[in-house]
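# Working through the structure, step by step
Listed below, chain by chain, are the residues.
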Amino acid sequence: MIEVTALSKRYGSHLAVNNVSFSIKDGEVVGFLGPNGAGKSTIMNILTGYISLTAGSASVDGYDIVESPQDAKRHIGYLPEIPPLYTDMTVREYLDFMFDLKKVKLPRKPHLDEICKLVMISDVQNRLIKNLSKGYRQRVGIAQALIGNPDTLILDEPTVGLDPKQIIEIRDLISRLGKNHTVILSSHILSEIQAVCDRIIIINGGRLVADGTPDELSKALSADGALEIRVAGPKRDVMKTLSAVPGVESVDDLGSFEKGSYDYRVVPEEKADVRKVVFARLAERNWPILSLRDSTLTLEQIFLRLTSEDAPSLEEEEENKIEEVSVETEEESSLTMVKEENE
Ligand code: ADP
Ligand code: MG
């Protein structure tokens, strides 16, 4: 069980983690998802006792990471973003070394044999780490995290830099480990997280912007009562007609997925049910409705929405920053504009 309450971390004047709270139950596999620089590694480094926190608190299995760091650390296996491998050692020498470093009290040989079997590196135990492929090295990194049988694993971008086959292997390994461990892993790629996690915590600009199962996230963000509607008819006129329905706030063109028809996302004003009038108006013009359904966003759309430039949490950040970067403001804003025009 991990409890994080109002956690903040400041590097100099930069607030890298801003008032983040969450809790993770035993046995959960949770993904930290966020773009580069979001604060994922910083949170993980705090949880594992590598760096200090600025404000708030965090505990692992009831042990506060500031008050009882040794006890808290005993419950965590950590694979940092850059695994601390000594590449001139053989795999076994390295694991022996880490076993000593962690002062583990378990019987050495059976424990290390079991880990090697679990992460499938038994056959490379006598090879030098520097001669292993990136996929194997990552497994050695995970083996290192498993020494001492911690109940919680924290894996920072475990699949970064791997090829597609290695990614699948590491993903399978994480799924297997998830059966009897609590796992937190981070990624800036949604599909990675979606493939293995029960729950997703989205972090952006140092803030937690969403926390839930993939289903919950799509529901929560799709709850604006929007409709997706497919209409056979001329696009411009259909859009005009839909926009003119009382209670309709906006109409987005979603593109054409069936010959002679277009899909639209119709967003009503709060709580307005516009379905009947939409039907009547389109019927008047003889434009058949081919389908009509509640609009749900894909996780990809949600992620983009929450981490896009105009996401509310980021806006506030920008406001706070204005004073500090005032000298560069002009140049920065013209750069931003150029970027937008190109897009
Ligand atoms: P992520 O892992 O999500 O990519 P990080 O936690 O590494 O993000 O970084 C969050 C922010 O904190 C970034 O803006 C980064 O530049 C900054 N940062 C990270 N480590 C340091 C450090 N040691 N000193 C100063 N700033 C840092
Ligand atoms: Mg990182």
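To be clear, the structure that these remarks concern was listed above.
Every residue gets a number counted from 1 within its own chain, in the order that chain's sequence is written. Just so you know, chain letters begin at A and ligand numbers begin at 1, following the order they were written in. Selection of residues for local features in this predicted model requires a pLDDT of at least 70, selection of side-chain atom pairs for listing and counting requires 80 or more, and totals for whole chains, interfaces and linings are taken over all residues. Only hydrogens and water are removed before side-chain values are computed, so all heavy atoms of the structure are retained for them.

Below, the discussion takes up unusual backbone geometry. In this model, M120 sits at a positive phi of 60°, which is unusual for a non-glycine residue. Numbering of helices and strands starts at the N terminus; helices are DSSP runs of H or I of at least 4 residues and strands are runs of E of at least 2. Here M120 lies in the loop between α4 (108-118) and α5 (134-146). For every residue, the accessible area obtained with a 1.4 Å probe (protein chains only) is divided by the maximum for its type, and the residue is called buried under 20%, exposed over 50%, and partly exposed between those limits. The class for M120 is partly exposed, based on a relative accessible area of 45%. Positive phi, normally seen in glycine, also occurs at E157, with a value near 45°. Judged by its relative accessible area of 6%, E157 falls in the buried class.

The pairing of strand β1 (residues 2-11) with strand β4 (residues 55-60) spans five bridges and is classified as antiparallel. Bridging from a neighbouring strand, I2 pairs with V60 of β4. A strand pair is defined by DSSP finding two or more bridges across the two strands. Inspection of the sheet shows β4 paired to strand β5 (residues 63-64) by two bridges, in the antiparallel sense. Looking at the pairing, V60 lines up with Y63 of β5.

Restricting attention to buried positions, one finds in helix α9 (residues 235-243) the residues V238, T241 and L242. Along α9, the residues classed as buried sweep out an arc of 95° about the axis, all on the same side. Relative to its buried face, α9 has exposed residues pointing more than 90 degrees away, namely R236 and K240. In this description, contact between two residues means that some pair of their heavy atoms is separated by no more than 4.5 Å. The elements touched by buried residues of α9 are β11 (227-232), β12 (248-255), β13 (261-268) and α10 (275-284). The directions considered for the arc are those from the helix axis to the C-beta atoms.

Once that is clear, we can look at the site of ligand 1. One heavy atom suffices: a residue is near a molecule or strand as soon as one of its heavy atoms comes within 4 Å of it. For ligand 1, the full set of nearby residues is Y11, H14, A16, P35, N36, G37, A38, G39, K40, S41 and T42. Each accessible area is a Shrake-Rupley estimate made with a 1.4 Å probe; only the visible protein chains count as cover when residues are assessed. Contact with the protein chains removes 60% of the 560 Å² of surface that ligand 1 exposes when unbound. When residues of the shell around ligand 1 are assigned to their parent elements, the largest contribution, three residues, is made by helix α1 (residues 40-47). Of the residues that constitute the shell around ligand 1, the class distribution is four nonpolar, six polar and one charged. We call Asp, Glu, Lys and Arg charged. Ala, Val, Leu, Ile, Met, Phe, Trp, Tyr, Cys and Pro are nonpolar, and the rest, Gly among them, are polar.

The next thing to look at is the sheet that holds strand β7 (residues 152-155). The sheet built from six strands is open, its strands ordered β6-β7-β8-β3-β9-β10 with mixed pairing. Pairing within the sheet leaves two strands with one partner each, and these edge strands are β6 (76-79) and β10 (207-212). Taking each pair of neighbouring strands and ignoring which way they run, the sheet shows an average axis angle of 15°. Summarising the sheet, β6 and β7 pair through four bridges and their orientation is parallel. Bridged to Y78 within β7 is I154. Lines fitted to C-alpha atoms define the axes, with helix axes restricted to the stretch in contact, and inter-axis angles between N-to-C directions lie between 0 and 180 degrees.

No statement about biological role is implied by the geometric values presented.
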